[in-house]
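Fold and geometry: a report
Okay, here's what each chain looks like letter by letter:
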Amino acid sequence: MNSSLRNKMLGLFIVFFLCFLGTTEPVQSLAAIPNEIRMFAGTAQALSMPVTAQATVDRPGVLHLNGSAVTAKVTPGRPLQLTPQHSGMAKVTLKLFGTIPFKTVQIHVVPGLKVIPGGQTIGVKVKSAGILVVGHHLVSVDADTKVSPGENAGIQLGDLMTHMNGVPMDDVAKVAKVVEEAGKSKRPVEIKFKRGNKEMSTKLSPAYDQEDRVWRLGLYIRDSAAGVGTLTFYAPDQGVYGALGHVITDMNTQTPISVGSGEILQSSVTSISKSQDGEPGEKRAHFLKESKILGNIERNTHFGIFGKMNQNPDHSLYKEGIPVAFAQEVKEGPAEILTVVDGQQVERFKVNIVHVAKQESPATKGLVIRITDPRLLEKTGGIVQGMSGSPIVQDGKLVGAVTHVFVNDPRSGYGCFIEWMLQDSGVLPQSKSTQKSLKAV
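Here the residue numbering is sequential within each chain, running from 1 through the sequence in written order. Note on the predicted model: pLDDT of at least 70 is required for a residue's local features to be given, and 80 or more for side-chain atom pairs to be given and counted; whole-chain, interface and lining totals, by contrast, use all residues. Remark: hydrogens and water are excluded; side-chain values derive from all non-hydrogen atoms of the structure.

**Digging into the overall build of the protein**
Numbering of helices and strands runs from the N terminus; a helix is a DSSP stretch of H or I covering at least four residues, while a strand is a stretch of E covering at least two. For the protein, the helix and strand inventory stands at seven helices and 32 strands. Counting across all 441 residues of the protein, residues that qualify as buried make up 46%. Pairs of residues are marked as contacts when any of their non-hydrogen atoms sit within 4.5 Å. Considering only contacts in the protein between residues 6 or more positions apart, those separated by 24 or more positions represent 67%. Accessible surface computed for the protein: about 21800 Å², of which carbon and sulfur atoms make up 52%. Relative accessibility thresholds used throughout: buried, under 20% of the residue-type maximum; exposed, over 50%; partly exposed, between the two (1.4 Å probe, protein chains only). Every accessible area reported is derived by Shrake-Rupley at a probe size of 1.4 Å, with residue values counting cover from the shown protein chains alone.

What follows is the structure in C-alpha cells.
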C-alpha cells in the first residue's frame, strides 16, 4: 500500500472515530454543560459531570466549590456543589483527569430576589408614541378619480407617524387640523415616521374629498389600543410589575405598539367562551366603573408590558414575595398557574410542564404546558385569550408565564421563562449572553 493511500485511510479512520466519539453519551453530556450559569446569592446548585474532572474557581470570594474549596474533584457519582458567597462574576475551569482544560463556565451571582405572583385580570389601555397607520383608503377628488395620497407618498401599514410639519403627533385629534391647513394653503405635509427602528420622512399632499367636503390623507390611523390580560408579578422592593408575557401588537397590522403612555386597571371577568379544537376561547371582562389605576405602562417588549406599581393589587393569593427560578432551574413535571375565571378572584389550577427549551439568552416559547386541572378544563376548555400572563409556579418558585394557546389543542400552549420578563422589567440584571446579543443587534 503506497503512502498516499495509507494517509487517506488514516484520515478516514480519524474522521470516523471523531464522529463516533461525538455520538457517545459522555461527550454529548460534556457538550451540554452551559457556558453560563446564573445563580441567586444563598442558593446552592449542583453541576453533574459524566466523567472524572477537576474544577477550579478564580474568585472564591464570589463562589465556593463543594462548600469551601477553591479546587474540587468531580466524578459521575459526585456532582460539583456550587455555593454562592457574594454577588459578582466567577469563572469555573473544568479539566479532564485534572490536566486537560475543556470547559470554562461563567458563574453570575446576583442578589437574592423575591416577587409576588399575580394572576389578577387587568384592563390594559395604551397610547402609541405617535400615530399608527393601519390602512389606506381612496379619496374621491372628482366623479371619476379616486386617490390615496398616503399610499402615493410611500407610507405603509405599520408606519408610526411622529411629526407633521414639525408638530409632535401624540394625539390623533391633532391630525385633522394640520391636514386642513396644508390642504387650504396648497402645501404638502412634511411627515416624519418610523418604520421598525428606521426613522424616515416624506411629503404628502392632502386630497379634497368631494363627497365629505374635507381634506384627507387617504390613511386609516389609530393612536391607542385597549384589552384585557393577566398580571404576572409585582416586585415590591422595586415598585415594578410585569404582565401578559408577550408583546402587544396592533390588531390590523400585527406590528408591535411603540408605547407613548398607558395604564393598567382593575378588571372583572364576566363570562368565558370555552376553547375548542381549532377555535380558541376568550375571557370576557370589563373595566370596573370605580376601577383604580394599578400602574402605568412604560415598556412593551416581546415578553410583555412593564411599568411602575406602588402596591400589591387586591385579590392576590400571596401577601409576601416568593423566590423566582432561572431558566436553567425549570424542569418538566407538575406545576400550577394562577388566573381568574370568574369575577376578580385569583385561583390555582394544576398544569404539567411537558417541555423545557434550553435557553441561555432571551427567546420566546421557552415552555410547553398542558392544563391538567379538571375544573379549569370544564370551565374554559383549556387556555383562552386573556389568560396570557398567568403566572406559572413550580416547587414554590415563580418560573414563567402563560403566553399562547395551541389552536388545534387548546389544552396546551406556550409559556415564557420568568427570567426574561424580570430582565425586561429592570428588576433582574441582564445576563452576559443577553448583553452580547443586544450589542450585536
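Still more to cover.
**Some thoughts on the environment of Val-179**
Residue placement: Val-179 occurs in helix H4 (residues 173-184). Spatially, the C-alpha atom of Val-179 lies 8.8 Å from that of Ser-205, the residues being 26 residues apart in sequence. Excluding anything up to four places from it in sequence, Val-179 contacts Pro-206, Trp-215, Arg-216 and Leu-217.

**As for the nonpolar core**
Among the nonpolar cores identified, the biggest contains 68 residues, and Phe-233, Ile-264, Ile-305, Ile-337, Ile-353, Ile-392 and Leu-422 are the most heavily contacted of them. The contacts of Ile-264, once residues within four sequence positions are left out, are Ile-122, Gly-123, Val-124, Tyr-241, Lys-292, Ile-293, Leu-294, Gly-295, Ile-297, Ile-305 and Met-309. Among the nonpolar cores identified, the runner-up in size contains 23 residues, and Met-39, Ala-53, Leu-63 and Leu-65 belong to it. Think of a nonpolar core as a cluster: buried Ala, Val, Leu, Ile, Met, Phe, Trp, Tyr and Cys residues, connected wherever their side-chain atoms sit within 4.5 Å.

**Description of unusual backbone geometry**
Of note, the phi angle at Asn-165 is positive, near 50°, even though the residue is not glycine. The topology assignment puts Asn-165 in the loop between strand S13 (160-164) and strand S14 (167-168).

**Regarding the environment of Lys-379**
Checked against the element boundaries, Lys-379 lands in helix H5 (residues 374-380). Look at Lys-379 and you get partly exposed, because its relative accessible area is 38%. In this structure the C-alpha to C-alpha distance between Lys-379 and Ile-272, which are 107 residues apart in sequence, comes to 7.7 Å. Not counting chain neighbours up to four residues away, the residues in contact with Lys-379 comprise Ile-272, Lys-274 and Val-341.

**Thoughts on H4**
Along H4, the residues classified as buried are Val-175, Val-178, Val-179, Ala-182 and Gly-183. In a view along the axis of H4, the buried residues occupy a sector of 130°, so they form one face of it. Away from its buried face, by an angle of more than 90 degrees, H4 presents the exposed residues Ala-173, Ala-176, Lys-177 and Lys-184. Those residues of H4 that are buried are in contact with strand S10 (121-136), S13, strand S15 (189-195), strand S18 (214-216) and strand S19 (219-235). Phi for Lys-186, located one or two positions after H4, is positive at around 60°. The directions considered for the arc are those from the helix axis to the C-beta atoms.

**Points about the layout of surface pockets**
Only protein atoms enter the 1 Å grid, on which a cavity is a set of points fitting a 1.4 Å probe that cannot get out and a pocket is an open set with protein on both sides within 12 Å along at least 5 of 7 lines, lining residues being those with an atom within 4 Å of a point. Grid points are joined across faces, edges and corners, and a volume is the space filled by probe spheres set on the points. Taken as a whole, the largest pocket holds about 940 Å³ of empty space. Considering the residues around the largest pocket, the lining is formed by 34 residues, among which His-246, Val-247, Thr-249, Gln-385 and Ser-388 are closest to the centre. Breaking the lining of the largest pocket down by element, the ones donating at least two residues are S10, S19, strand S22 (282-287) and strand S31 (397-406). When residues in the lining of the largest pocket are grouped by element, the largest group, seven residues, is from S19.

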